[in-house]
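A closer look at the structure
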Amino acid sequence: MDKLHTEINRRPYVKRTGKEISEEANVMWKKHLERDDSIIVDIFSGQLRSSLHCSVCSHYSNTFDVFCDLSLPIPKRSCRGEVSLQECLDLFSQEEKLDKENSPMCERCNRRTECTKRLSIQRFPQVIVIHLNRFTTSRWSISKSTVYVSFPLKNLDLGPYGPVDCGPVLYDLYAICNHAGTVNMGHYTACCLDENGWCFYNDSSATPLTESQLQTNQAYVLFYQRSRSEPPRLWCPRKLIEAAAVL
Ligand SMILES: [Zn+2]
């Protein structure tokens with residue numbers, strides 16, 4: 001009956017326009033703010049759009065989720081032995097085929113069908129936290145990838161991963177969290193930019209750092225801030241801690 005109905009459905013299939021999608025996203029965002037509204041949301045929260053396309057009836061549906069960090073897969077090591085952040089972003093936003101068992105219900109067919117899924121950024125946060133997913137969990141073990149991932153210090157353009165025609169959306173790097181060691185024994189350090197330049201934080205020591213020393217295969221979490229307009233710099237880790245102490 002479902003199949004017969006799909007074939008003779010009198011309601012024509014309509015693809016939503018970009019404006020309709022953004023209105024829907026805004027409604028979901030306002031709902032989120034009704035429950036969750038803090039300086040953390042102001043600075044770090046964005047909205048991710050998951051767009052599903054049904055292979056049977058061609059229906060498109062969107063779901064919107066709030067994110068505080070983007071967890072990016074690292075492509076398999078290439079012959080060059082290194083990958084770029086852009087390649088990780090491309091893999092993250094690549095169209096993925098879902099078989100019937102793994103796909104959600106199609107709103108229009110009312111059943112599980114083969115479909116394609118694509119992730120994109122609907123709303124850009126002031127600061128985007130990018131997690132390079134170096135740890136892979138398989139059935140029996142966890143492994144860590146030590147692939148060198150190169151990343152831009154300035155003008156990371158996330159526009160291509162946003163809504164259609166959103167134009168360039170530029171970000172500048174201001175902090176890196178590094179993970180050294182293995183799955184069983186690791187150590188975290190950080191590189192942060194402040195008024196005096198880059199500084200390397202390792203437990204109780206803080207030492208100045210040059211830009212050429214920032215990129216290593218230990219880079220684990222990257223913090224980028226929107227590079228338009230003058231930043232209030234309230235999200236400097238130290239300022240945030242001070243703000244939290246006042247509260
Ligand atoms: Zn369908």
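Residues numbered from 1 in each chain as written. Predicted model: local features only at pLDDT ≥ 70, side-chain atom pairs only at ≥ 80, totals over all residues. Heavy atoms only, no water.

In the nomenclature of an unreviewed UniProt entry, the protein corresponds to ubiquitinyl hydrolase 1 from the organism Fundulus heteroclitus. Heading Catalytic activity (unreviewed entry) of the UniProt record for the protein holds this comment: "Thiol-dependent hydrolysis of ester, thioester, amide, peptide and isopeptide bonds formed by the C-terminal Gly of ubiquitin (a 76-residue protein attached to proteins as an intracellular targeting signal)." (UniProt positions renumbered as here; feature names shortened; annotations may be inferred.)

**What about the coordination of the zinc ion?**
Within the protein, the zinc ion binds to C54 (SG), C57 (SG), C106 (SG) and C109 (SG); these donor distances fall in the range 2.2 to 2.3 Å. One can describe the site at the zinc ion as tetrahedral: its 4 donor atoms subtend angles covering 101 to 114 degrees at the metal. (Donors = N, O, S within 2.8 Å, 3.2 Å for Na, K, Ca; no water. Tetrahedral: all angles 85-135°; square planar, octahedral: opposite > 155°, others 65-115°.)

**A short note on helix α2 (residues 18–35)**
Think of an α-helix as 3.6 residues a turn; residues three or four steps apart then line up on the same face. The end-to-end C-alpha distance of α2 is 26 Å, a good match for the 26 Å that 18 residues give at a rise of 1.5 Å each. Inspection of α2 places I21, A25, W29 and H32 among the buried residues, and these make up the whole buried set. Looking straight down α2, one finds its buried side chains confined to an arc of 70 degrees; they lie on one side. For α2, the exposed residues lying more than 90 degrees away from the buried face are K19, K30 and E34. Structurally, α2 contributes buried residues whose contacts are with α3 (39–44), β1 (46–54), β2 (60–67) and β6 (115–123). (Helix = DSSP H or I, 4+ residues; strand = E, 2+ residues; numbered from the N terminus. Expected span 1.5 Å × (residues − 1). Buried < 20%, exposed > 50% of the residue type's maximum accessible area, 1.4 Å probe, protein only. Arc of directions from axis to C-beta. Contact = heavy atoms within 4.5 Å.)

**Digging into the pattern of salt bridges**
It is possible for side chains bearing opposite charge to pair when their charged atoms get close. Counted under the stated rule, the structure contains 3 salt bridges. E24 serves as the salt-bridge partner of R16, at 3.0 Å between the closest nitrogen and oxygen. With a shortest N-O distance of 3.9 Å, R35 and D36 are connected by a salt bridge. Taking the relative accessible area as the measure of exposure, R35 reaches 61% and is therefore exposed. (Salt bridge = Lys/Arg side-chain N within 4 Å of Asp/Glu carboxyl O.)

**Overview of unusual backbone geometry**
A positive phi angle, near 65 degrees, is found at S58, a position not held by glycine. Among the structural elements, S58 can be located in the loop between β1 and β2. Although it is not a glycine, N155 adopts a positive phi angle of roughly 55 degrees. Structurally, N155 can be placed in the loop between β10 (148–150) and β11 (156–157). The partly exposed category is assigned to N155, whose relative accessible area is 48%.

**Re the pairing of strand β13 (residues 186–194)**
Where strand β12 (residues 170–181) lies against β13, 7 bridges are found, and the strand directions are antiparallel. Considered in β13, the bridge of H179 is made with Y188. Taken together, β12 and the strand that follows it, β13, pair antiparallel across an intervening segment of 4 residues. Of the strand pairs in this sheet, β13 and strand β14 (residues 197–202) are connected by 5 bridges, and their pairing is antiparallel. The partner of C191 across the bridge, within β14, is F200. Connecting the antiparallel pair β13 and β14 is a turn made up of 2 residues. (Pairing = 2+ DSSP bridges.)

**Quick notes on the packing of aromatic side chains**
In total, this model carries 3 aromatic pairs according to the counting rule given. Taking 5.5 Å as the distance between ring centres and 90 degrees as the angle between the ring planes, the aromatic pair formed by F135 and Y220 counts as edge-to-face. With F135 in strand β8 (residues 135–137) and Y220 in strand β16 (residues 219–226), the pair connects residues that are 85 residues apart, well separated along the chain. Its relative accessible area of 13% is what places Y220 among the buried residues. Seen from their ring centres, Y188 and Y220 are 6.4 Å apart, and the 40 degrees between their planes marks the pair as tilted. Remark: Y220 occurs in strand β16 and Y188 occurs in strand β13; sequence separation between them is 32 residues. Classification of Y188 by relative accessible area gives partly exposed; the value is 48%. Within the aromatic cluster, the residues linked to one another by ring pairs are F135, Y188 and Y220. (Phe/Tyr/Trp six-rings, centres within 6.5 Å; stacked < 30°, edge-to-face > 60°.)

**Focus on the nonpolar core**
Of all hydrophobic cores here, the largest spans 34 residues; its most connected members are L85, L222 and Y224. Elements represented by at least two residues in this core include exactly β3 (70–72), α4 (85–93), β6, β7 (127–132), β12 and β16. If you tally residues by element for this core, the top one is α4, at 4 residues. Each residue touching L222, except ones within four places of it in the same chain, is listed here: L85, I128, V129, I130, L132, F151, L173, A175 and I176. Of all hydrophobic cores here, the second largest spans 10 residues; its members include V127, V129, Y174 and V221. (Core = buried A, V, L, I, M, F, W, Y, C linked by side-chain atoms within 4.5 Å.)

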